[in-house]
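The chain contents come next:
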Amino acid sequence: MAEVIRDSAALRQRLGEARRLGHSIGLVPTMGALHLGHVALLEAARRENDTVVASIFVNPLQFDRRDDLDAYPRTWEADLKVSQECGVDLMFAPSERELYPSPQLTFVESPVLSEHLCGRFRPGHFRGVATVVLKLFNLVQPDRAYFGEKDAQQLVIIRRMVVDLNVPVEVAPIATVRESDGLAISSRNKLLTTEQRSIAPVLSCALRKAIELLNDGERSVVAIREKSLAQFARYPEARVEYFELVDPNLLAPIESISGAVLIAGAMWLGSVRLIDNMIWTGTGAVRPSS
Ligand code: AMP
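Residues numbered from 1 in each chain as written. Predicted model: local features only at pLDDT ≥ 70, side-chain atom pairs only at ≥ 80, totals over all residues. Heavy atoms only, no water.

Trainee: Please provide a residue-by-residue account of the overall build of the protein, values included.
Mentor: Check the secondary structure of the protein and you find eleven helices and ten strands. For the protein, the C-alpha radius of gyration of 19 Å lies close to 19 Å, the compact-globule estimate for 290 residues. With the C-alpha coordinates aligned to their principal axes, the bounding extent of the protein is approximately 55 × 40 × 35 Å. Relative to all contacts within the protein whose residues are 6 or more apart in sequence, the contacts with residues 24 or more apart total 71%. (Helix = DSSP H or I, 4+ residues; strand = E, 2+ residues; numbered from the N terminus. Rg over C-alpha atoms; globule rule 2.2 N^0.38 Å. Contact = heavy atoms within 4.5 Å.)

Trainee: Tell me about the side chain of Ser 55, residues and numbers included.
Mentor: Looking at where Ser 55 falls in the secondary structure, it is placed in strand β3 (residues 51-56). Ser 55 gets classed as buried once you look at its relative accessible area, which sits at 1%. Look past the residues within four positions of Ser 55 in its chain and what remains in contact with it is Leu 27, Val 28, Pro 29, Thr 30, Phe 92 and Leu 136. (Buried < 20%, exposed > 50% of the residue type's maximum accessible area, 1.4 Å probe, protein only.)

Trainee: Could you give an account of the sheet that holds strand β2 (residues 25-30), naming the residues involved and the relevant values?
Mentor: Paired through backbone hydrogen bonds, the strands of a sheet run either parallel or antiparallel to each other. Strand order across the open sheet formed by six strands is β1-β4-β3-β2-β5-β6, with parallel pairing between neighbours. Looking at which strands have only one partner, the edges of the open sheet turn out to be β1 (3-5) and β6 (170-174). Across the sheet, the mean angle separating the axes of adjacent strands is 25° when strand polarity is ignored. Alignment of β1 against strand β4 (residues 90-92), held across three bridges, turns out to be parallel. Bridge pairing in β4 links Glu 3 to Leu 90. Contacts from helix α2 (residues 36-48) reach β2, β3, β5 (144-148) and β6, with the element oriented near 160° to β5. Contacts between helix α4 (residues 76-85) and the sheet are confined to β1, β3 and β4, with β4 contributing the most and set at about 150° to the helix. (Pairing = 2+ DSSP bridges. Axes fitted to C-alpha atoms, helices over the stretch in contact; angles between N-to-C directions.)

Trainee: Outline the site of the ligand, listing residues and values.
Mentor: The local shell around the ligand holds 17 residues, among which Met 31, His 38, Asp 151, Val 177 and Ile 185 are the closest. Gly 148 places a polar main-chain atom, nitrogen or oxygen, 2.9 Å from an oxygen atom of the ligand. In this structure, a nitrogen atom belonging to the ligand sits 2.8 Å away from a main-chain N or O atom of Ile 185. Taken by itself the ligand offers 480 Å² of open surface, and the protein chains cover 93% of this. (Near = heavy atom within 4 Å. Polar contact = N/O pair within 3.5 Å; in protein donor to acceptor, adjacent residues only side chain to side chain. Areas by Shrake-Rupley, 256 points an atom, 1.4 Å probe, with all protein chains shown as cover.)

Trainee: Describe the pattern of salt bridges, and please don't skip the residues or the numbers.
Mentor: One pass over the full model with this rule turns up 19 salt bridges. Asp 64 is paired through a salt bridge with Arg 122; the nearest N and O atoms lie 2.9 Å apart. Of this pair, Asp 64 sits in the loop between β3 and α3 (66-71) while Arg 122 is found in the loop between α6 (117-121) and α7 (125-140), placing the two residues 58 residues apart along the sequence. When its relative accessible area of 31% is taken as the criterion, Asp 64 is described as partly exposed. When its relative accessible area of 10% is taken as the criterion, Arg 122 is described as buried. One salt bridge connects Glu 212 with Lys 209, and the closest N-O pair in it is separated by 3.6 Å. (Salt bridge = Lys/Arg side-chain N within 4 Å of Asp/Glu carboxyl O.)

Trainee: How would you explain α2 if you had to name every residue and give the values?
Mentor: For α2, spanning 13 residues, the distance from its first C-alpha to its last is 18 Å, which sits close to the expected 18 Å at 1.5 Å a residue. Within the sequence span of α2, burial applies to Gly 37, His 38, Val 39, Leu 41, Leu 42, Ala 44 and Ala 45. (Expected span 1.5 Å × (residues − 1).)

Trainee: So what about the pairing of β5? Which residues, and what values?
Mentor: Successive side chains on a regular strand alternate, one facing one side of the sheet and the next facing the other. With four of five residues buried, β5 lies mostly within the body of the structure. Of the strand pairs in this sheet, β2 and β5 are connected by two bridges, and their pairing is parallel. Bridging across to β5, Leu 27 finds its partner in Ala 145. Alignment of β5 against β6, held across five bridges, turns out to be parallel. When the bridges of β6 are listed, Ala 145 appears paired with Val 171. A crossover connection joins β5 to the parallel β6 through helix α8 (residues 152-164); in handedness this β-α-β unit is right-handed. (Right-handed = clockwise from strand over helix to strand, strands pointing away.)

Structural data, given as structure tokens:
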């Protein structure tokens, strides 16, 4: 059974013991409502480290909408079971007061990287993500930390934060885990109605269309966007927030295709917002996908 730890002092003490034994430490930060995407991260952490720490914290600082924070699925008992099955040693589940004991007056900002994609539509989101992740890195001091490629912009921002702020942690990316119909697994999928769930794979279809066009030699960004977006025409319920071809490292929109391309999109189904992405490596291979 994973040992549940709620406060930072107990966490530090427990990790001190692991470190004295010479254990390597792997961290998997999550917001709970664990699913097969999280399982892929936990399994990789289990394979590659002596001590595995998972964290569950629904971080208010990264929510730009109160209703989204309130509606966010919370499935504590089931999460404990999943983490036990994945061999998690320590489950760090702090309260909001524990992680933000006094008003937080210091933040991690990534202005250039958060200006694009989701960052354009979710003010303060990545500041909240980077700040809480750096707190977790400082508390756990892991050798490795695992993040999903599903949240491509988050991964780029965390990787850059680690480099720019000299954080001694190896960031390990894990490929997006999908349902059999292509839908990227997400905690928010649980909030979809049956009808919305049947429409949801359209985002991954549009991404695949873009990959297919690139593989066929299409090099016009305008044409690729247009033909990919045509996938949504049959589903007026799906409201596309953005669908962009960007530089995989800097996330800025690309005008001409000369190397790898990150294709990323966000769409709304009712009040549920879903994101997905794929990388075209320039040689025809697709990442992330499964
Ligand atoms: P969350 O609990 O949504 O904050 O996600 C915690 C971690 O799991 C993040 O690094 C996500 O990128 C990752 N993750 C979420 N969904 C998936 C998925 N379908 N495949 C791979 N990783 C995922």
